[in-house]
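Examination of the molecular architecture
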Amino acid sequence: MKLPLINIPLMIAFLCVPSFAQEVQTPPASTVADLPESPLTAPTSQPAPVKEKPDFEIESTQVKLIEVVEAPPMAGLPPVEGTMKLTVHSVADPRIPDPTPPVTQAQNPSAEEFPPEFLDSTQESHFASISATVYDNSRTLLTCNSNAGAGSEVTVWSNINFNHFSGIGNVEAKGADGKVRNYNLMMSIGNDTTDKLNKSGAPAIPVMPNGAPAFVIQTEQPNAATLTLIEDLHALYRTEGTRMAEAAAARVKAEDEKRAYLIANPPKPKDITVHFWNREHSATQTEGVQP
């Protein structure tokens, strides 16, 4: 019986090619991702309440004019320069109460960690670092590293503009198994152009469709946990992409308006007033003392 001829080198090459090579991947349809504390709908932060100042009894005053150069309020703007007036008042002890010390676990037993048998087995917590370089606001070279340990770094090309992830620090995802994955993200985002990328001789950006979030894996034998993170990020954009893009555009508009205002109205160094006194005794040991 004659055996068919087999091209051994060709077979070896075929078997060594990763199954994911240059294939467009999409997040599983069963994965649902959300923002547990959404920065897209969070109300505008209110200013901190103004603390009532003690009725200082001024004993002496010193005033000094200082020429200062401070860091610019925004990148690309000139530094803040000018004369700052420093006023130092020497005052009588206003008898301000000592601050309340923080409550420790020893003082509050209810703050102790729950034993393992009481932990929710359907919850997973992950820390992930993400580096994203966005090209022409269209394609992103994404490198993710999960908390799965050494060798967990995975690089992909994505058709998502990851500028839209700016300001997002927490993501929650749930797969078909019902287990919830909570991610704490540390993300750095930069921008570049495809012209520079092409001139650098780097590999061309793989072809990916516009529209539905998708990515192409560049790392051979990618770490499973990090790959799940990447899928979850794309699943989040599948659900919240429109609002994320709108929020990013609103941030850019607000930044442009602030920059234009600062250019038209250059800030000056703020004057500083300091109240200095010698404490006669601990305020907490004095009964009936009011600030």
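Note that the coordinates shown come from a computational prediction; the quantities given were computed from them, not determined experimentally. Within each chain, residue numbers correspond to sequence positions counted from 1 in written order. Thresholds applied to this predicted model are a pLDDT of at least 70 for local features of residues and 80 or more for the giving and counting of side-chain atom pairs; totals over whole chains, interfaces and linings are not thresholded and use all residues. Computation of side-chain values covers all heavy atoms of the structure but excludes hydrogens and water.

1. Thoughts on the pattern of salt bridges
For this analysis, a salt bridge means a side-chain nitrogen from Lys or Arg found within 4 Å of a carboxyl oxygen belonging to Asp or Glu. All told, the structure shown has 5 salt bridges when counted by the stated rule. Arg243 is paired through a salt bridge with Glu240; the nearest N and O atoms lie 2.8 Å apart. On the criterion of helical spacing, the pair formed by Arg243 and Glu240 is a turn pair, its members being 3 residues apart in helix α3 (residues 224-264). The rule is simple: take the accessible area with a 1.4 Å probe, protein chains only, and divide by the maximum for that residue type; under 20% is buried, over 50% is exposed, in between is partly exposed. Of the residues examined, Glu240 reaches a relative accessible area of 9% and is grouped as buried. By the criteria applied, helices consist of DSSP H or I runs no shorter than four residues and strands consist of E runs no shorter than two, each listed in order from the N terminus.

2. What about the pairing of strand β3 (residues 58-70)?
With respect to burial, β3 is a largely exposed element, only 1 of its 13 residues being buried. In this sheet, strand β4 (residues 80-91) lies alongside β3 in antiparallel orientation, the contact comprising 12 bridges. When the sheet's bridge partners are listed, Gln62 is paired in β4 with Val88. Two strands pair if DSSP finds at least two bridges between them.

3. Quick notes on the nonpolar core
Among the nonpolar cores identified, the biggest contains 28 residues, and Phe162, Phe165, Val171, Leu185 and Leu233 are the most heavily contacted of them. If you list the elements that add at least two residues to this core, you get β5 (123-135), β6 (139-145), β7 (153-158), β8 (170-174), β9 (180-192), β10 (215-217) and α3. Sort the elements by how many residues they give to this core and α3 lands first, with 8 residues. Any two residues whose heavy atoms approach within 4.5 Å at even a single point are treated as in contact. Apart from residues lying up to four places away in sequence, Phe162 is in contact with Ala132, Val134, Thr140, Leu142, Ile189 and Leu233. Side-chain atoms within 4.5 Å are what join buried Ala, Val, Leu, Ile, Met, Phe, Trp, Tyr and Cys residues into a set we call a nonpolar core. Grouped together as the second largest cluster of nonpolar side chains are 5 residues, Tyr135, Leu197, Met208 and Val216 included.

4. Observations concerning the pairing of β8
What you see with β8 is a clean split: Val171 and Ala173 sit on the buried side and Asn170, Glu172 and Lys174 on the side with no burial. Inspection of the sheet shows strand β2 (residues 32-34) paired to β8 by 3 bridges, in the antiparallel sense. When the sheet's bridge partners are listed, Asp34 is paired in β8 with Glu172. Two elements, β8 and β9, share 5 bridges in a ladder whose sense is antiparallel. Pairing of Asn170 across the sheet is with Asn184, part of β9. Once β8 ends, the chain turns through 5 residues before running back antiparallel as β9, passing Gly178 with a positive phi of about 85°.

It is worth stressing that arrangement in space is one thing and function is another; only the former is reported here.
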